[in-house]
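This is what each chain is made of:
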There are 2 protein chains.
Amino acid sequence: MADRQAEGRGEVERASARPATILDVAARAGVSKSVVSRVLTQAPGVAAATRERVLHAAGELGYVPNTMAQAMVARRTGALGAFVRDASTPFYGHLLTLMQDRAAELGYRVVTATGSGRFSVADERRALDVMTGLRVEGLVICSGLLPERDVEEVAAKVPTVVAGRPLVSDACGSVFCDEAGGGRGVAEHVHALGHRRVAVLVHSPDLSLTLSPRSRAAADHLTELGADVVRLPVHDFWRTTHEDVDAVVAAALDAGATALVLPSDRLALRALEALRVRGLEAPGDLSVTGYDGFGELASPFLGLTTWRQPLPTIARMAVDSLVGLVQGRVDGRGATALAGELVVGRTASTPA
Amino acid sequence: MADRQAEGRGEVERASARPATILDVAARAGVSKSVVSRVLTQAPGVAAATRERVLHAAGELGYVPNTMAQAMVARRTGALGAFVRDASTPFYGHLLTLMQDRAAELGYRVVTATGSGRFSVADERRALDVMTGLRVEGLVICSGLLPERDVEEVAAKVPTVVAGRPLVSDACGSVFCDEAGGGRGVAEHVHALGHRRVAVLVHSPDLSLTLSPRSRAAADHLTELGADVVRLPVHDFWRTTHEDVDAVVAAALDAGATALVLPSDRLALRALEALRVRGLEAPGDLSVTGYDGFGELASPFLGLTTWRQPLPTIARMAVDSLVGLVQGRVDGRGATALAGELVVGRTASTPA
DNA sequence: TTGTATGCGTTATCAC
DNA sequence: GTGATAACGCATACAA
């Protein structure tokens with residue numbers, strides 16, 4: 001039904017009709033394409049009457065310039081690339097939105113790519129090729145998985161800033177949180193509350209470049225402060241299940257810990273759930289701390305004691321320093337470590 | 001510092017160096033650009049030895065084809081556009097990721113645009129122009145704000161599917177949840193629990209095309225079932241603050257309601273918080289229900305009684321029917337209403 | 001098997 | 001003021 005018979009002017013045309021080009025507009029306005037181009041680029045030297053005709057014709061045709069053709073001749077795309085590991089992860093989702101806003105303020109579009117949610121490094125490399133194929137002028141990489149070697153390789157091709165992951169390299173800039181500082185901050189708070197036997201969920205470095213240092217720092221600092229530390233390892237970061245967390249909680253309780261330190265709010269929420277299922281609660285039976293401090297889990301209803309990462313600042317600094325790099329105004333390839341802040345909630349208190 | 005003096009082969013070259021073109025590869029391999037093109041497009045008719053040389057040269061130069069140039073000659077971009085109102089909203093964030101995955105499976109890239117987080121319809125129109133300028137082959141619109149007129153206008157230019165918002169038009173396809181059905185489902189559950197005096201937060205239609213019908217349906221159906229319904233209006237959807245929700249909770253309690261029905265999990269969480277601040281709790285003092293049922297707020301720890309939207313199905317169907325439209329295989333312009341399901345949690349129970 | 005020529009839609013540099 | 005014309009980087013029909 002609805003065959004291609006709509007050629008009338010006023011009707012709704014088929015979406016399949018090829019988009020109007022500058023030539024169509026020119027023909028309709030009875031001028032050459034040069035004039036159309038001048039009108040649309042606000043260039044001077046066009047008679048007012050002609051301009052009106054061109055504008056009118058463009059409007060009627062619903063003409064929108066082909067961005068790619070523009071980019072080809074302009075030799076610039078006005079686009080920044082954002083490569084995020086998984087946009088559905090709240091951390092990356094928020095980061096993405098914030099970066100997009102800032103980039104728009106600076107006159108850049110943002111095109112994003114993801115490793116398609118899978119775990120393969122090869123996938124991530126291909127995603128990077130997509131970005132360079134699009135000729136983005138700069139690239140923000142938000143992935144804790146991609147090997148440093150690959151980052152430097154792509155950084156050789158296009159100005160690159162790594163966000164949310166500790167990386168010190170003179171090939172690119174980086175903006176990230178002081179993970180060790182955050183871990184110590186949490187440790188200090190827990191110790192100050194009076195806990196002397198503390199369980200800490202510790203990630204191994206090969207699982208996560210962020211969770212690992214923060215959890216290690218927390219454990220180390222608690223030890224320095226003189227507390228007994230029970231280090232609970234985790235096997236697979238991306239698939240840490242409720243059962244895994246449940247086992248961690250059980251281990252913490254078995255070990256007689258009065259507090260459990262977790263490297264993310266998401267894990268903390270699961271720990272709270274595990275406690276609840278056991279008929280226990282935080283902080284009465286076990287003090288619980290998280291890490292992140294943004295989004296839904298930062299709700300005062302949950303009252304999670306956590307460490308807040310300065311997400312807006314990360315996003316802004318990443319984009320700003322990338323744009324600086326792109327425009328060659330600044331060297332912008334240093335590493336910037338940002339401090340977070342303690343959020344005192346109700347899930348951690350003095351030990352019973 | 002670090003002036004442009006790095007011309008050495010093995011060194012890390014300046015990122016500012018212009019990306020290699022097919023001509024560079026051709027020159028380095030000692031062939032014409034046609035041969036390079038054939039090798040890279042897997043076209044037959046190239047001597048094995050030549051192919052090797054070309055591949056080697058391309059590898060050395062780190063050559064990545066310019067996607068835009070390819071698109072220009074191919075007259076297709078292989079890209080779908082996703083226009084989302086606010087990617088930091090969990091609903092849209094999840095939707096985006098799911099759509100991206102499905103599109104990748106079907107061989108399409110997804111380029112996203114947002115209304116820059118602001119409220120202006122003009123901004124949204126400009127964002128749509130960005131998409132059409134990029135010559136996306138199809139467009140998924142996820143915005144409850146954009147007027148139907150604008151949707152149909154863009155749908156005349158490019159195949160369009162509206163996702164997550166009720167819209168019946170023969171200009172485009174649409175996939176959305178049966179909002180009224182969901183509202184009735186919640187109402188039925190609350191009534192079945194025994195509540196006979198229920199407060200319902202009701203949005204006016206001009207604030208949200210989704211929250212409004214679901215909240216109205218809930219209120220209407222409760223009335224039909226014979227319950228006393230206290231309709232609490234809300235003034236500004238996007239800025240509904242904790243204070244607003246607090247006032248709603250207060251009003252519900254004042255009116256002697258035993259249950260409070262809210263049109264989103266986010267609002268429900270705020271209601272729970274408002275209760276907690278008052279030293280009250282759900283469901284003891286007031287039963288509370290939400291709506292959405294995905295992401296962090298679906299955690300069993302919160303135990304929210306809610307209505308789950310089939311987000312993955314929405315995403316999949318939206319992309320599938322859009323691709324069908326793009327490829328002209330199906331008409332794909334019908335409206336598809338998806339059913340959700342009740343999630344029985346612990347925040348709603350029989351009245352005290 | 002390989003090289004040459006043309007065109008995709010646009011901007012910019014020329015002449016007129 | 002306006003109109004040809006040359007790029008931009010690539011794929012492809014066609015000639016060698």
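Residues numbered from 1 in each chain as written. Chains lettered and ligands numbered in written order. Predicted model: local features only at pLDDT ≥ 70, side-chain atom pairs only at ≥ 80, totals over all residues. Heavy atoms only, no water.

(A) Molecular detail of the side chain of Thr132(A). Position of Thr132(A) among the secondary structure elements: in helix H6 (residues 121-133). Taking the relative accessible area as the measure of exposure, Thr132(A) reaches 10% and is therefore buried. Setting aside its immediate chain neighbours within four residues, Thr132(A) contacts Val154(A), Val158(A) and Val64(B). (Helix = DSSP H or I, 4+ residues; strand = E, 2+ residues; numbered from the N terminus. Buried < 20%, exposed > 50% of the residue type's maximum accessible area, 1.4 Å probe, protein only. Contact = heavy atoms within 4.5 Å.)

(B) Local environment of the protein's contact with DNA strand C. Around DNA strand C, the structure places 26 residues, and the nearest of them are Ile22(A), Tyr63(A), Ser34(B), Arg38(B) and Thr50(B). Protein-proximal atoms of DNA strand C, defined as those within 4 Å of the protein, fall in sugar or phosphate at a share of 56%. Within the contact set of DNA strand C, a phosphate oxygen lies 2.9 Å away from a side-chain nitrogen or oxygen of Gln70(A). Between Ala47(B) and DNA strand C, the recorded distance is 3.0 Å, taken from a backbone N or O atom to a phosphate oxygen. Of all the elements in the fold, those that place two or more residues in the surface near DNA strand C are helix H2 (33-40) and helix H4 (67-74) of chain A together with helix H2 (33-40) and helix H4 (67-74) of chain B. Of the residues contributing to the surface near DNA strand C, the split by class is 11 nonpolar, 10 polar and 5 charged. (Near = heavy atom within 4 Å. Polar contact = N/O pair within 3.5 Å; in protein donor to acceptor, adjacent residues only side chain to side chain. Nonpolar A, V, L, I, M, F, W, Y, C, P; charged D, E, K, R; others polar.)

(C) Layout of the protein's contact with DNA strand D. Around DNA strand D, 26 residues are found, and the nearest of them are Arg38(A), Ile22(B), Lys33(B), Tyr63(B) and Gln70(B). Near the protein, within 4 Å, the atoms of DNA strand D are sugar or phosphate in 58% of cases. Within the backbone of Ile22(B), a nitrogen or oxygen atom sits 2.3 Å from a phosphate oxygen of DNA strand D. Of all the secondary structure elements, the ones that give two or more residues to the surface near DNA strand D are H2 and H4 of chain A together with H2 and H4 of chain B. A per-class count over the surface near DNA strand D returns 11 nonpolar, 10 polar and 5 charged.

(D) Representation of the domain arrangement of chain A. Domain assignment breaks chain A into domain 1 (22-65), domain 2 (79-177 + 311-339) and domain 3 (179-309). For domain 1 of chain A versus domain 2 of chain A, the distance between C-alpha centres works out to 38 Å. (Domains from an automatic or database assignment.)

(E) Spotlight on the interface of chain A and chain B. Chain A puts 60 residues into the contact, and the matching count from chain B is 60 residues. For the chain A and chain B pair, buried surface summed over both sides reaches about 4,900 Å², with 59% attributable to carbon and sulfur atoms. Run the count over chain A and chain B and you get 0 salt bridges. (Buried area = accessible area lost by both parts, 1.4 Å probe. Salt bridge = Lys/Arg side-chain N within 4 Å of Asp/Glu carboxyl O.)

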